[in-house]
Amino acid sequence: MSINWFPGHMNKATREIRDILPKVDLIIEIVDARLPYSSSNPVIENFRADKPCLKLLSKSDLADPDITQQWLDHLQKDPTVRALAITTHKPESIRKLADLCQQMVHKKRDRATTITALITGIPNVGKSTFINTLAGRQVARAGNEPAVTQRQQRIELGGGLILIDSPGILWPKIENRNSGYRLALSGAIKATAMQEDDVALFAAEYFMQAYPQQMKERFKRDDLPEDGVPFLETIGKQRGCLGSGGHVDFDRAATLLISEYRGGRLGQLTLETPAMAEQEHVKVAEIRRLKEEEKEAKKRARKAAYKAKGQKGNQ
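The structure displayed is predicted, hence computed values, not measured ones.

Would you mind going over the pairing of strand β4 (residues 115-121) with me for this structure?
Each regular strand carries side chains that alternate between the two faces of the sheet. For β4, the tally of buried residues reaches seven of seven residues, placing the bulk of the element in the interior. Of the two faces of β4, the one holding Ile115, Ala117, Ile119 and Gly121 and the one holding Thr116, Leu118 and Thr120 are both buried throughout. Pairing of strand β1 (residues 26-32) with β4 involves five bridges; the strand directions are parallel. When the bridges of β4 are listed, leucine 26 appears paired with alanine 117. Where β4 and strand β6 (residues 161-165) come together, five bridges link them in parallel fashion. Each residue of the ladder has a partner; that of isoleucine 115, found in β6, is leucine 161.

Shown next as structure tokens:
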């Protein structure tokens, strides 16, 4: 699967984040609790250096609670990071975060003290809804589609806390194939940028392996097939996703599975664990190393060809 979705405003937003970082005291990064690794923007991690970071695992009501706890423990191994699981169904816990921001920055608090926090996250991770809950009023536009916020805005929350809201940004190259599938499955990428049948096959095979009991209960099966295609065909027959001649409409079955996951109707399912993320991180580093070696080899070959051409011309 190839993901090609990096709107122009995301490139601009990335530059603006780089420019404003020296002026902020704290970074608040919202990630999806179902995919904390894949939804954490490596661009932000590269920019922030040792600046304090509050990582908020949103949509935690849709994630596997045991794995969410694994992620909280894993993320807080970094002494500059605090991690919390949040859900907009518990707004009172979100409103307490202003005090936590003050504690993390370690500024002496008085009437003249203000803390500026940059809030960032990938598209459709719940950033605007979080801001509105924290502010107790409608200050950020929220929606179910990615890329609703397209420009930076300054929000004064009172109590000495100022938020800089940046547009949801991805990164130009999603090198980890599994992360691409997870982002597409969660809705972080517009439907026009992905092939739903590929995403659904990835989801079906992962769900059968990681959450077989939930799949059996949801789709009323005593056993599960060995791979994703017959599983999607079973779902299609069961839910009436049929085309001409009574054959399963694979695209409709794929859309149905993705919709059921996003709506939480399959249960509390997490798409990755810290152990999986560490393994994939190593693979991505290897991919980057090989690409760099290939780039250098091509560069040397061009130089050698240019040099040989010059020598031939001088003969």
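Just checking my understanding: could you explain the packing of aromatic side chains for this structure?
Each pair of aromatic rings is reported with the distance of its centres and the angle of its planes. Summed over the entire model, instances satisfying the criterion amount to five aromatic pairs. Consider the rings of tyrosine 206 and tyrosine 211, whose centres lie 6.5 Å apart with planes at 70°: the pair is edge-to-face. Residue class for tyrosine 206 comes out buried when judged on its relative accessible area of 12%. With a centroid separation of 5.6 Å and an interplanar angle of 85°, the aromatic rings of phenylalanine 219 and phenylalanine 231 are classed as edge-to-face. One end of the pair, phenylalanine 219, is in the loop between α9 (212-218) and α10 (228-238); the other, phenylalanine 231, is in helix α10, with 12 residues separating them in the sequence.

What exactly am I supposed to notice about the pattern of salt bridges here?
Going through the model one piece at a time under the given rule, you end up with 15 salt bridges. Between lysine 298 and glutamate 294 there is a salt bridge, with the nearest N and O atoms lying 3.5 Å from each other. Placement of both lysine 298 and glutamate 294 in helix α12 (residues 274-314) is noted, with a separation of four residues, approximately one turn of the helix. The class of glutamate 294 is partly exposed, set by a relative accessible area of 45%. Overlapping salt bridges bring together Arg218, Arg239, Glu260 and Arg265 as one network.

Would you mind going over helix α8 (residues 196-210) with me for this structure?
Structural remark: α-helix, 3.6 residues per turn; residues separated by three or four positions point the same way. Between its terminal C-alpha atoms α8 stretches 21 Å, which fits the 21 Å expected from 15 residues at 1.5 Å a residue. For α8, the complete set of buried residues consists of Val199, Ala200, Phe202, Ala203, Ala204, Tyr206, Phe207 and Met208.

Would you mind going over the packing of helix α7 (residues 177-186) against helix α11 (residues 250-262) with me for this structure?
The description of two helices packed together rests on the angle between their axes and the distance between the axes. Relative to each other, α7 and α11 sit at 75°, their axes nearing to 9 Å. Accordingly, the angle class assigned to the pair α7 and α11 is roughly perpendicular. Contacts from Ala184, Leu185 and Ser186 in α7 reach Ile258, Tyr261 and Arg262 in α11. Counted by class, the contact of α7 with α11 contains four nonpolar, one polar and one charged residues.

What am I meant to see in unusual backbone geometry here?
Excluding glycine, residues mostly carry a negative phi; peptide bonds, for their part, are mostly trans. The phi dihedral of alanine 49 is positive, around 55°, even though this residue is not glycine. Position of alanine 49 among the secondary structure elements: in the loop between α2 (42-48) and β2 (53-58). Residue class for alanine 49 comes out exposed when judged on its relative accessible area of 56%.

It is not clear to me how the sheet that holds β6 should be interpreted in this structure. Could you clarify?
In any sheet, the strands associate via hydrogen bonds between backbone groups, in a parallel or an antiparallel arrangement. If you trace the six strands from one edge of the open sheet to the other, you get β3-β2-β1-β4-β6-β5, paired in mixed fashion. With one partner strand each, in any of the chains shown, β3 (81-85) and β5 (153-158) form the two edges of the open sheet. Pairs of neighbouring strands in the sheet enclose a mean axial angle of 25°, with direction left out of account. Sheet topology places β1 next to β2; six bridges connect them, and they run parallel. Residue pairing for β2: isoleucine 28 is matched across the bridge by leucine 54. Seen against the sheet, helix α3 (residues 65-75) touches β2 and β3 and runs at an angle of roughly 170° to β3. The strands touched by helix α5 (residues 97-105) are β1, β2, β3, β4 and β6; relative to β2, the strand with the most contacts, the crossing angle is about 150°.

Even after reading the chapter, I still don't get the packing of α7 against α8, so can you show me in this structure?
Contact pair α7 / α8: the axes reach a minimum separation of 9 Å and the direction vectors enclose 100°. Our classification of the angle between α7 and α8 gives roughly perpendicular. Along the contact surface, α7 presents Asn178, Tyr181, Arg182, Ala184 and Leu185, while α8 presents Asp198, Val199, Phe202, Ala203 and Phe207. Residues of the contact of α7 with α8, tallied by class, amount to seven nonpolar, one polar and two charged.

Rules and cut-offs
- Residues numbered from 1 in each chain as written.
- Predicted model: local features only at pLDDT ≥ 70, side-chain atom pairs only at ≥ 80, totals over all residues.
- Heavy atoms only, no water.
- Buried < 20%, exposed > 50% of the residue type's maximum accessible area, 1.4 Å probe, protein only.
- Helix = DSSP H or I, 4+ residues; strand = E, 2+ residues; numbered from the N terminus.
- Pairing = 2+ DSSP bridges.
- Phe/Tyr/Trp six-rings, centres within 6.5 Å; stacked < 30°, edge-to-face > 60°.
- Salt bridge = Lys/Arg side-chain N within 4 Å of Asp/Glu carboxyl O.
- Expected span 1.5 Å × (residues − 1).
- Axes fitted to C-alpha atoms, helices over the stretch in contact; angles between N-to-C directions.
- Parallel < 35°, antiparallel > 145°, perpendicular 65-115°, else oblique.
- Contact = heavy atoms within 4.5 Å.
- Nonpolar A, V, L, I, M, F, W, Y, C, P; charged D, E, K, R; others polar.

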